Amino acid sequence: MKKVLPILILIFSASTFSAHHEEGEKSDSEHTYSFAYTSTYTIPAGSQPQRIERSVLDNLATLEQNGYYNCGLLRHQYGAERAYYSYCYFDSWEHFSEINDVNAPVAREPNQLYGDHSDNLIAVVERNLTKRTPYVLRATYTFGPFLTANEMRDKAKLLFDAYNEAFGGCNLAEHAWGSELAWYFYCGYESYADFANKTNSLGELFESGLADAKTDIRNHSDDLMVRIK
């Protein structure tokens, strides 16, 4: 009897821990991927990018512990900024509040290794790219201020549909909070041979249907990035 009692206690403790663990975590199918928290960390001249990379990866691990999910890290390859780009998903503003109200900001930041830093909270409008590809294209569009918000959405959707078709599935997101009123297209590719084929397809779609369309684009930038996480 003395040997049986500790075994029963051990089994009960393990079951309790397992139930608590499952209750605190959602499976991937239970998440909505409705919003994303994105950050940009520029690489200063003369710095060691690997140190910034390790720092951002550590930060992403903390964010996932805090309640964000499916975080990723991308590094500049071609585009406007020599930088690292991170992202994490959250389900709703209630979910966002649960994460941030429980986890108080740290009192003292570690030494800053990156140059400039910006954050954006974006709403995911369409999510057709669910696979983690080795490379990611991010196209950013802003539109004329004379348009209404819904007219801007319509212009973004018109352009996005071409990217989505050419790349075989992209994600569309729009500004919620942050530094710019913009729309973002995220498309994946497996290699630069794959990128060449998809770029040719996109070019054909633009020439056949969008070259003469009135899109009212104000600014546009592209970033080609390689996946780290």
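Here, every reference points to the structure presented above.
Because the structure is predicted, anything quoted here is derived from the model rather than measured.

(A) Looking closely at unusual backbone geometry. Positive phi, close to 50°, is recorded for asparagine 70, a residue that is not glycine. Of note, asparagine 70 is situated in strand β2 (residues 69-79). Positive phi, normally seen in glycine, also occurs at aspartate 216, with a value near 55°. Residue placement: aspartate 216 occurs in the loop between α5 (192-210) and β8 (217-227).

(B) View of the nonpolar core. Membership of the largest hydrophobic core comes to 23 residues, with the highest contact counts inside it found for Leu137, Tyr141, Phe143, Tyr163, Phe167, Trp183 and Phe185. Looking at this core, the elements with two or more residues in it are β5 (135-143), α4 (149-167), β6 (170-178), β7 (183-189) and α5. When residues in this core are grouped by element, the largest group, 8 residues, is from α4. Those residues within four positions of phenylalanine 167 in sequence are excluded, and the remaining contacts are Leu137, Cys187, Gly188, Tyr189, Phe195, Lys198 and Leu202.

(C) Fine view of the state of the cysteines. One pass over the structure, following the stated rule, counts 2 disulfides. Each disulfide pairs two cysteine sulfurs, and for cysteine 71 the partner residue is cysteine 88, the sulfurs being separated by 2.0 Å. As the torsion about the S-S bond is roughly 115°, the cysteine 71-cysteine 88 disulfide counts as right-handed. One end of the pair, cysteine 71, is in strand β2; the other, cysteine 88, is in strand β3 (residues 83-90), and 17 residues separate them in sequence. Exposure class is identical for cysteine 71 and cysteine 88. Each is buried. Disulfide partners in the protein chain, listed by the sequence order of the bonded cysteines, are 1-2, 3-4.

(D) Geometry of the packing of α4 against α5. Two numbers describe how α4 lies on α5: the axes approach to 8 Å, and their chain directions differ by 140°. Classified by the angle their axes make, α4 and α5 are oblique. Every pair of crossing elements has a handedness; the one defined by α4 and α5 is right-handed. Within the contact between the two elements, α4 uses Leu158, Leu159, Ala162, Tyr163, Glu165, Ala166 and Phe167 and α5 uses Phe195, Lys198, Ser201, Leu202, Leu205, Phe206 and Leu210. Residue composition of the contact of α4 with α5, grouped by class: 11 nonpolar, 1 polar and 2 charged.

(E) Inspection of the environment of serine 86 at higher detail. Looking at the secondary structure, you find serine 86 in strand β3. Since its relative accessible area comes to 6%, serine 86 is described here as buried.

(F) Representation of the sheet that holds strand β1 (residues 35-42) within the structure. Taken in spatial order, the 8 strands close into a barrel running β1-β3-β2-β8-β5-β7-β6-β4, and their pairing is antiparallel. Taken pair by pair, the neighbouring strands of this sheet meet at an average axis angle of 35°, ignoring direction. Bridging between β6 and β7 involves 5 bridges; their strand directions are antiparallel. Each bridged residue has a counterpart across the sheet, and for glutamate 174 the counterpart in β7 is tryptophan 183. Lying over the sheet, α4 contacts β4 (117-127), β5, β6, β7 and β8, oriented at roughly 5° with respect to β7. Running over the sheet, α5 touches β2, β5, β7 and β8 and is turned about 135° from β7.

Reading guide: rules and limits
- Residues numbered from 1 in each chain as written.
- Predicted model: local features only at pLDDT ≥ 70, side-chain atom pairs only at ≥ 80, totals over all residues.
- Heavy atoms only, no water.
- Helix = DSSP H or I, 4+ residues; strand = E, 2+ residues; numbered from the N terminus.
- Core = buried A, V, L, I, M, F, W, Y, C linked by side-chain atoms within 4.5 Å.
- Buried < 20%, exposed > 50% of the residue type's maximum accessible area, 1.4 Å probe, protein only.
- Contact = heavy atoms within 4.5 Å.
- Disulfide = S-S within 2.5 Å.
- Axes fitted to C-alpha atoms, helices over the stretch in contact; angles between N-to-C directions.
- Parallel < 35°, antiparallel > 145°, perpendicular 65-115°, else oblique.
- Left-handed = near helix turned anticlockwise from the far one by under 90°.
- Nonpolar A, V, L, I, M, F, W, Y, C, P; charged D, E, K, R; others polar.
- Pairing = 2+ DSSP bridges.

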